[in-house]
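Residue-level structural notes
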Amino acid sequence: MKTSPVSRRRFLGQITTAAALAFAPHWGRAVDRPAPARKLGVALVGLGSYSHYHLAPALHRTQYCRLAGVVTGDAAKGAAWARDHGFPATSVYGYDTMARLAANPAIDIVYVVTPNGLHAEHCIAAARAGKHVICEKPMANTAAECDAIIAACRAAGVRLTVGYRLHYEPHHAELARLAREQVFGPFKRMQGANGFRMGSPGGWRVDKKLAGGGPLMDMGVYLIQAVCMAKVEVAPVAVTAKFDATTRPALFSEVEESVRWTMEYADGAKADCHATYAEGVSRFRAESDRGWASLDEPAFYYEDPVLTTSRGKVDLPNVNHQVAQLDGMAAELLAGRPSIAPGEMGRRDLAIVDAIYASARAGGKRVEVLG
Ligand code: NAD
């Protein structure tokens, strides 16, 4: 197995949740640092819409990393990407030849951007090839699959992070700071909604095996992230959840169309959330006894959110989310800092998802979140 140019031993033991969650906002740090002698090479796995429209363009703008290869089921498409993006045709791999990544010193990080149900297989293959791994959200279909990914990355001594772009976005980072520094005291009441109207056919996102579930796995993960940010990255103790009535049963025969849930915290705080494929909505609000913070539409989309607090509108820079995330993660890796979006965080979120589905399937029964 090849040794990554970025020493793998440096990162062993550094991605414990406790260490990773004791973070400061990182979105400004990448731009504060001088460019490295060599940008880290990133290989994208899965050349669908997120890779094509967002990650690949971002990788032409990043200071700390660059697009260095791809993994795809379509060799001709891979060759076209090599031409269009300026990396060698020898850096195009198939899903079944990912082991060969081990011999390519130009690739430091493998970024898995395939359907959710394939994340575990592709992340484990990347780790076994000795590459650091970024896994798109949700990290996998279940917490058990996350455990397998984490174990593979630990065994290989590579870093595992989750493509949580909003952790590197200034308005969300500010919400995290307000919570961490208890500017308004602990947030006690939270509400959020996130969704879009899914067209037909729904593709893999309505296929239970590939998606793991419906909008909870997609838009709902952002709400879970926002709530946990507002609670200083602590997981809730329990959840209660219900599926909404399905309005388009032909489209949503395998996964839910909409789901509502409440996250309940040890300090009595509660968060009411709604994830949906029935309508476009994207907002989040957190209240304490001394103030509030609100991420207004579009709180979670790619455009810049508006953050308002009980003290007024917060003026922050607008950034490209994918550039900020990729540079933020590459800068963390180069500096040997723990990531602010480690695999353990992705696993935490899937444990919450597992509990939400268990509650909704049990008709709204309170379900404890298992660590
Ligand atoms: P997509 O359907 O556009 O692309 C999926 C890619 O996976 C395609 O290239 C497809 O060929 C490939 N693939 C490999 N095996 C497949 C299979 N068996 N079935 C279907 N496709 C297969 O999807 P996308 O929108 O690019 O989403 C990919 C991942 O990225 C998902 O996990 C999604 O949740 C995540 N995502 C994250 C964000 C974000 O803001 N962080 C945004 C969009 C998507």
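As a further point, take the pairing of strand β9 (residues 258-264). Taken across its seven residues, β9 has five buried, putting it largely inside the fold. Where strand β8 (residues 238-243) meets β9, six bridges bridge the pair, whose relative direction is antiparallel. Residue pairing for β9: Lys242 is matched across the bridge by Arg260. In the sheet, β9 pairs with strand β10 (residues 270-276) via seven bridges, with the strands oriented antiparallel. Note on β10: the bridge partner recorded for Thr262 is Asp272. A loop of five residues connects β9 with β10, the two strands running antiparallel in sequence, and Gly268 in this loop sits at a positive phi of about 95 degrees.

Around the ligand, the structure places 22 residues, and the nearest of them are Ser49, Asn116, Arg165, Trp204 and Tyr222. One of the backbone N or O atoms of Leu47 is found 3.2 Å from an oxygen atom in the ligand. In the model, an oxygen atom of the ligand is placed 3.0 Å from a nitrogen or oxygen of the His119 side chain. For the ligand, whose free accessible area comes to 840 Å², the fraction covered by protein is 77%. Here the shell around the ligand is composed, by residue class, of eleven nonpolar, seven polar and four charged. There are two domains that each give the shell around the ligand at least three residues, and those are domain 1 (8-166 + 324-341) and domain 2 (172-316 + 349-368).

Angle between the axes and distance between the axes are the two parameters that describe a pair of packed helices. Here helix α7 (residues 170-180) crosses helix α10 (residues 220-230) at 35 degrees, and the two axes come no closer than 8 Å. On α10, the residues that touch His172, Leu175, Ala176 and Ala179 of α7 are Ala226, Met229 and Ala230. Among the residues making up the contact of α7 with α10, the classes are represented as six nonpolar, one polar and no charged.

Before going further, it helps to examine the environment of Leu251. Along the chain, the position of Leu251 falls in the loop between β8 and β9. Exposure remark for Leu251: the relative accessible area of 12% places this residue in the buried category. Look past the residues within four positions of Leu251 in its chain and what remains in contact with it is Met198, Gly199, Ser200, Pro201, Gly202 and Val206.

Time to look at α7. Here α7 lies mainly inside the structure; nine of its eleven residues are buried. Of all the residues in α7, the buried ones are Pro170, His171, His172, Ala173, Glu174, Leu175, Ala176, Leu178 and Ala179. The elements touched by buried residues of α7 are α10, β11 (281-287), β12 (292-296) and β13 (306-309). Looking one or two residues beyond α7, the residue adopting positive phi is Gln182, at roughly 55 degrees.

It is common to give the size of an interface as the accessible area lost on bringing the parts into contact. By the assigned domains, the chain splits into domain 1 (8-166 + 324-341) and domain 2 (172-316 + 349-368). Between domain 1 and domain 2, the C-alpha centre-to-centre distance is 25 Å. Taken over both partners, the interface formed by domain 1 and domain 2 buries close to 2,100 Å², and the fraction arising from carbon and sulfur atoms is 62%. Looking only at domain 1, the three residues that lose the most surface to domain 2 are Tyr164, Arg165 and Leu166, adding up to 29% of its buried area. Applying the counting criterion to the domain 1 and domain 2 interface returns one salt bridge. Two residues, Lys137 and Asp218, come together in a salt bridge whose shortest N-O distance is 3.3 Å. Between domain 1 and domain 2 we count eleven residue pairs in polar contact (both at pLDDT 80 or more) in total. Counting only elements with at least two residues in the side of domain 1 that touches domain 2, the list comes to α3 (49-59) and α6 (143-156). When the residues that make up the side of domain 1 that touches domain 2 are grouped by side-chain class, the tally is 15 nonpolar, five polar and two charged.

Bringing the environment of Gly371 into the picture now. Mapped onto the elements, Gly371 comes out in the segment after β15 (367-368). Each C-alpha atom, one on Gly371 and one on Ala235, is 8.4 Å from the other, the two residues being 136 residues apart in sequence.

The rules behind the values
- Residues numbered from 1 in each chain as written.
- Predicted model: local features only at pLDDT ≥ 70, side-chain atom pairs only at ≥ 80, totals over all residues.
- Heavy atoms only, no water.
- Buried < 20%, exposed > 50% of the residue type's maximum accessible area, 1.4 Å probe, protein only.
- Helix = DSSP H or I, 4+ residues; strand = E, 2+ residues; numbered from the N terminus.
- Pairing = 2+ DSSP bridges.
- Near = heavy atom within 4 Å.
- Polar contact = N/O pair within 3.5 Å; in protein donor to acceptor, adjacent residues only side chain to side chain.
- Areas by Shrake-Rupley, 256 points an atom, 1.4 Å probe, with all protein chains shown as cover.
- Nonpolar A, V, L, I, M, F, W, Y, C, P; charged D, E, K, R; others polar.
- Domains from an automatic or database assignment.
- Axes fitted to C-alpha atoms, helices over the stretch in contact; angles between N-to-C directions.
- Contact = heavy atoms within 4.5 Å.
- Buried area = accessible area lost by both parts, 1.4 Å probe.
- Salt bridge = Lys/Arg side-chain N within 4 Å of Asp/Glu carboxyl O.

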